[in-house]
Amino acid sequence: MKKNAALKFAASALAVGALPFVVTRAINNPPDMNKLVAAAVNFTASPAFAETEDIGNGNLILYKPIPEGTEEALTHGGKTVPKKESDERENYGQAQASSNRSESEETFAEPEMPTETTSESALEETVPAESVSESVSESDWDLASDSTSETVSETISVQTPESSPETDSSGKSYIITQNISEQKEDLSVFNSRDLQVEHMTFESNNGTDFLWLNEGGQVRNCTELDNDFLKEQMNIPTDIKIEAYSEQPQVLIMHTHACESYLTGDGSFQDETYTCRTADASQSVVAVGRKIAEKLAENGICVLHDGTLHDYPSYNGSYDRAEETITNILAAYPSIKVVLDIHRDGIAEEDGTPIAAVNEINGKKAAQVMIISAASDGYYYVPNYLENFHFACLLQQYMEKENNGITRPILFEYCQYNQHLTTGSLLIEVGSQGNTLEQALYSGELIGGSIARALLSLSE
């Protein structure tokens, strides 16, 4: 028995020893470009989505590079595309209509959110033509948008940029957005210089519970799991598979606390009356989520971005309402493999001094980000938490390797945060209440690109 046990241990140790090489190879090796380009060229965009020219509540943004010199490139500008309904949208709408939310929750005590809306979308800007996919050759970009509103136009005019990079291939992908708030708020009124913000860069830690990942970044083990066991788990590749250039969404980006916002001005001071919360989607974590979604789409990953205000007007019960939203979306879009809940952290000194988690990346200030990966215990139930953890380690290494210092250690702790609903579920904190929106948007762009390349490494 002792001999067999020893052999079993030796075989297990050998397998674990090979894992760092497997993970390192997956991170260092780029995806098969021939395969991705072929998928992009053969991709046919599904017209089965309602369409409108505005980018607001319930839209589709279509990023469609067109091969230069083709007849399509010469005649596509100004083409009118008929509106068609989506079965998936109908299913989701029915699921939303049938859902019942509790009205007995306590209202979050903070200044009243604005209720006025404008005719313009909170997220009305389009992606610049020069912002193109890094996974395929550059080409022309068509931008289209989509809405499920009953008042939208029945057609959409597809426009082609005036200047186009040279290319001989094409790639197409979608961002499907829904429930984006159109409320506007003038945050410039919060200009009192009451609290001086402390800018802090969270660096690597040599504590016993901070574990190094092979390709960069750390994990902070806040559980009772043995560090050696967790080191083995850190090197196990994720089983998630992504379909590049799919017509169906592969990733869901959502926000349990969609009203979390950032500082106004240059970020040196905070008005003590400003709670760093707003229903204006252009100035909250919803805008950061959109930045991440744009980078995924540019790299050929179909993504759904939901901006439901789960924390407004009631903050209590946000996660229960978010669970309902996620469940309905997964039922309507079973193609989704990854769910990213984008937040803004809250960090302050004991005396109330707000902290900005910031680092300089490429000569520009970026908000540091932190992944939270839930662990399961007797109270919190996350049945496949180690699969989520494997995925978290992959993303962390991509983000840190490509932009050294942009991450804080993965927080691996006993919690749930709706990560029990499906594998590939993570919570990502982008900056804190001491960061500016500009810093957070810049980080969203950087980590969005890194997450996209990590997902492409998992493409089937």
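Above: the structure in question.
Everything in this summary refers to the structure shown in the same document. From a predicted model like this one, the values you see are computed outputs, not experimental measurements.

## Topic: the overall build of the protein chain
Across its full length, the protein chain carries 9 helices and 18 strands. Considering only intrachain contacts with a sequence separation of at least 6, the fraction spanning at least 24 residues in the protein chain is 84%. Accessible area of the protein chain: about 20500 Å², with a carbon and sulfur share of 47%.

## Focus: the pairing of strand β10 (residues 251-254)
Of the two faces of β10, the one lined by Val 251 and Ile 253 and the one lined by Leu 252 and Met 254 are each fully buried. Note: β10 against strand β12 (residues 303-306), 3 bridges, orientation parallel. Residue pairing across strands places Val 251 opposite Val 303, the latter belonging to β12. Bridge analysis of β10 against strand β13 (residues 338-345) gives 4 bridges, and the strand direction is parallel. Residue pairing for β13: Leu 252 is matched across the bridge by Val 339.

## Details of the packing of aromatic side chains
The final tally for this structure, using the stated rule, is 5 aromatic pairs. Between Tyr 379 and Tyr 380, the ring centres sit 4.8 Å apart and the planes meet at 90 degrees, which makes this aromatic pair edge-to-face. With a relative accessible area of 66%, Tyr 379 lands in the exposed category. Taking the relative accessible area as the measure of exposure, Tyr 380 reaches 30% and is therefore partly exposed.

## A short note on the sheet that holds strand β15 (residues 364-367)
Reading across the sheet, the 3 strands line up as β7-β14-β15 and stay open at both edges, with mixed pairing between neighbours. Each edge of the open sheet carries a strand with a single partner, namely β7 (198-200) and β15. The mean inter-strand angle of the sheet, taken between neighbouring strand axes irrespective of direction, is 50 degrees. Bridge count between β7 and strand β14 (residues 355-361): 3 bridges; the pairing is parallel. Within the sheet, the bridge partner assigned to Met 200 lies in β14 and is Ala 357. The strands that helix α9 (residues 437-456) touches are β14 and β15; relative to β15, the one it contacts most, it runs at about 80 degrees.

## A short note on a negative patch on the surface
Negative charge collects at one region of the surface, where Glu 198, Glu 349, Glu 350 and Asp 351 lie side by side. Note that Glu 350 resides in the loop between β13 and β14. On the basis of relative accessibility, which here comes to 88%, the residue Glu 350 falls in the exposed class.

## Quick word on the side chain of His 343
Take His 343: it is sitting in strand β13. Judged by its relative accessible area of 2%, His 343 is buried. Reaching out from His 343, the side chain makes a polar contact with the side chain of Asp 341 at a distance of 3.0 Å. Excluding residues that lie within four positions of it along the chain, His 343 makes contacts with Thr 256, His 257, Glu 260, Tyr 262, Val 285, Tyr 319, Leu 427, Ile 428, Glu 429 and Val 430.

## Some details on the pattern of salt bridges
Taken as a whole and assessed by the stated rule, the structure comprises 6 salt bridges. A salt bridge links Glu 215 to Lys 401, with the shortest nitrogen-to-oxygen separation between them at 3.9 Å. Here Glu 215 is found in the loop between β8 (210-212) and β9 (218-221), whereas its partner Lys 401 is found in helix α8 (residues 385-402), with 186 residues between them in sequence. Judged by its relative accessible area of 39%, Lys 401 falls in the partly exposed class.

Rules behind the numbers
- The residue numbers shown here count from 1 along each chain, following its written sequence.
- Local features in a predicted model are, by the rule used here, given only for residues with pLDDT of at least 70; side-chain atom pairs are given and counted only at 80 or more, and totals for whole chains, interfaces and linings are based on all residues.
- Think of the side-chain values as coming from all heavy atoms in the structure, minus any hydrogens and water.
- Note on conventions: DSSP H or I runs of at least 4 residues are helices, E runs of at least 2 residues are strands, and numbering of each starts at the N terminus.
- Only heavy atoms matter for contacts: two residues are in contact if any of them lie within 4.5 Å across the pair.
- All accessible areas in this document rest on Shrake-Rupley with a 1.4 Å probe, and a residue is counted as covered only by the protein chains that are shown.
- Summary of the burial criterion: residues with accessible area below 20% of their type's maximum are buried, those above 50% are exposed, and those between are partly exposed, where the area comes from a 1.4 Å probe applied to protein chains only.
- Note on pairing: DSSP must find at least two bridges between two strands before they are called paired.
- Pairing of aromatic rings covers Phe, Tyr and Trp, the last through its six-membered ring, and needs centres within 6.5 Å; plane angles under 30 degrees mean stacked, over 60 mean edge-to-face, and all others mean tilted.
- Helix axes are fitted to C-alpha atoms over the stretch in contact, other axes to C-alpha atoms as well, and angles between N-to-C directions run from 0 to 180 degrees.
- Here the term patch refers to residues with relative accessible area over 30% and no salt bridge, with like charges joined within 9 Å and nonpolar side chains (Val, Leu, Ile, Met, Phe, Trp, Tyr) within 5 Å.
- Salt-bridge detection follows one rule: a side-chain nitrogen of Lys or Arg within 4 Å of a carboxyl oxygen of Asp or Glu.
- Counted charges follow a simple rule, with Lys and Arg positive, Asp and Glu negative, and His plus the chain ends left uncounted.
- Every charge is mapped onto a representative atom, which is NZ of Lys, CZ of Arg, CG of Asp or CD of Glu.
- Polar contact criterion, stated in full: a pair of N or O atoms within 3.5 Å, where within protein one must be able to donate a hydrogen and the other to accept it, and residues adjacent in sequence count only if both atoms are side-chain atoms.

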